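A look at the structure
Okay, here's what each chain looks like letter by letter:
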Amino acid sequence: MSSQNKGIGWFLSPNKEKLTVTYFQGLFEKARAKRQSYYDNELTTAFRLFNQDGDDFGGLTIDLYGDYALFSWYNAFVYSLKDVIVEAFQTVFPEVLGGYEKIRFKGLDFESDHLFGQEAADTFTILENGVSYEVFLNDGLMTGIFLDQHEVRDGLVNGLALGKSVLNMFSYTAAFSVAAAMGGAIETTSVDLAKRSRELSTAHFEANGFSMENHRLVVMDVFDYFKYAKKKGLSYDLIVIDPPSFARTKKRTFSVTKDYTQLLEELIQITAADGTLIVSSNAANYKEKNFKQDIAQAFKNSRCDYRIMETFHLPNDFAVPPGSKTSDYLKVFIIKKLAR
């Protein structure tokens, strides 16, 4: 048994299993077969290869970034099997040139390292839905893009953003904004408090040949930006918001389970008539029904009507066990603000 945020263990089989190279080879072969459609897609070179209990072994995820794999270890027991797991992985995925690891449990004195094979450049380009993104695999726990949102970004590339002004809040590296720009957005504004977000976001835009003339990068607390936008009379045709589950700044604390309604009320005020909102949460403890209730309350408080046009959960490469709502943590709603 080994503690982590999803419990202390997993049921693997009614039979006693030996966690050998052969055992993990079998898991990886099944996982690879499930993702054949991603391998067949020449417009995408980054996706999840193995997703914890969705691929029948908790505590481990493996993501593909071009020619490199990224292993995330979620507890000490699974990490102790590292050599066996890597050997099995290299047998099933011989084309992967090298691997990196992220330590997502407490107890070790590092969080990121090169694991095997060739070393990647400090930053390099991957493709997703035909869009280029600059990523990095050995700089803290982040990589420059959240792969679980690739279906939502695909929607932005293929029609959602066409001809629209776009605001992207909690933008991180502005991946949603770049997808929107590729999808024909006339302008984008990306807001994030982290100063490094400007540098990382610019790299994504430049990787796709965009000048920054119509793409603003604002380093600011999102709640301060709401005040600024209202003071300036700004509104946007399309707003994307994917906040962290919890955040603390010098001025305030934000919790997705407590503060999303207020956040949405602010958004609604600066959304154009008949505009669109893309609202997201990756908090496993924030149930979909509660999210929908908060959306309804925000629109009621704003005296606006709305319609949920589309709902996204985790994409197929982020496999989840049948009926496991905790594992299927991602909830994204495409919402139309209806003019009265």
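For the structure, check the block above.
Notes on the structure follow. Small disclaimer: the values here were computed from a predicted structure and weren't measured. (Residues numbered from 1 in each chain as written. Predicted model: local features only at pLDDT ≥ 70, side-chain atom pairs only at ≥ 80, totals over all residues. Heavy atoms only, no water.)

Observations regarding the sheet that holds strand β11 (residues 236-241)
Strand order in the open sheet formed by seven strands is β10-β9-β8-β11-β14-β16-β15, and the pairing between neighbours is mixed. Each of the sheet's edge strands pairs with one partner strand only, and the pair in question is β10 (215-219) and β15 (305-312). On average, each strand axis in the sheet is inclined to that of its neighbour by 15 degrees, with strand direction left out of account. Those strands touched by helix α7 (residues 196-207) are β9 (187-192) and β10, and its axis lies near 165 degrees from that of β10. Against the sheet, helix α8 (residues 222-232) touches β8 (165-169), β9, β10 and β11, its axis set at about 150 degrees to β8. (Pairing = 2+ DSSP bridges. Helix = DSSP H or I, 4+ residues; strand = E, 2+ residues; numbered from the N terminus. Axes fitted to C-alpha atoms, helices over the stretch in contact; angles between N-to-C directions. Contact = heavy atoms within 4.5 Å.)

A look at helix α10 (residues 288-301)
If you check α10, its first and last C-alpha atoms are 20 Å apart, about what 14 residues at 1.5 Å a residue would give, namely 20 Å. Residues of α10 that are buried sit in contact with α9 (256-269), β14 (271-281), β15 and β16 (331-338). Positive phi shows up at Arg303, right after α10, with a value of about 55 degrees. (Expected span 1.5 Å × (residues − 1).)

A few points about the packing of α9 against α10
Relative orientation of the contacting elements α9 and α10 amounts to 40 degrees, with a least axis distance of 8 Å. In this view, α9 runs oblique relative to α10, as classed from their interaxial angle. Seen along the crossing, α9 lies across α10 with a hand that is right-handed. Together, Thr257, Tyr260, Thr261, Leu264, Glu265 and Ile268 of α9 and Phe291, Asp294, Ile295, Gln297, Ala298, Phe299 and Asn301 of α10 make up the contact between the two elements. The class makeup of the residues in the contact of α9 with α10 is seven nonpolar, four polar and two charged. (Parallel < 35°, antiparallel > 145°, perpendicular 65-115°, else oblique. Left-handed = near helix turned anticlockwise from the far one by under 90°. Nonpolar A, V, L, I, M, F, W, Y, C, P; charged D, E, K, R; others polar.)

Side note on the pairing of strand β4 (residues 98-103)
Extensive coverage of β4 is indicated by the burial of six of its six residues. By the alternation rule, side chains of β4 split into Gly98, Tyr100 and Lys102 and Gly99, Glu101 and Ile103, which are all buried. By the bridge criterion, six bridges tie strand β3 (residues 68-73) to β4 in an arrangement that is parallel. Of the residues in β4, the one forming a bridge with Leu70 is Tyr100. Across five bridges, β4 lies against strand β5 (residues 112-117) in antiparallel orientation. The residue of β5 that forms the bridge with Lys102 is Ser112. (Buried < 20%, exposed > 50% of the residue type's maximum accessible area, 1.4 Å probe, protein only.)

Observations concerning helix α1 (residues 21-34)
For α1, with 14 residues, the first-to-last C-alpha span of 20 Å sits near the 20 Å given by 1.5 Å per residue. Along α1, the positions that sit buried rather than exposed are Val21, Tyr23, Phe24, Gln25, Leu27, Phe28 and Ala31. Considering only its buried residues, α1 is in contact with β1 (46-51), β2 (60-65) and α4 (82-92).

Some remarks on the layout of surface pockets
Here the second largest pocket is characterised by a volume of approximately 310 Å³. Contributing to the lining of the second largest pocket are 16 residues, with Lys287, Glu288, Lys325, Thr326 and Asp328 lying nearest its centre. Taken together, the residues of the lining of the second largest pocket sort by class into six nonpolar, four polar and six charged. (1 Å grid on protein atoms, 1.4 Å probe; cavity = no way out; pocket = protein on both sides within 12 Å on 5 of 7 lines; lining within 4 Å. Points joined across faces, edges and corners; volume = space filled by probe spheres on them.)

Regarding unusual backbone geometry
Backbone geometry at Gln52 places phi at a positive 45 degrees, although glycine is not the residue there. By the secondary structure assignment, Gln52 is in the loop between β1 and β2. Assessed through its relative accessible area of 9%, Gln52 is described here as buried. In this structure, Tyr172 takes a positive phi of about 55 degrees despite not being glycine. Relative to the assigned elements, Tyr172 resides in the loop between β8 and α6 (175-182). For Tyr172, a relative accessible area of 17% puts it in the buried group.

By themselves, these figures tell us nothing about what the structure is for.
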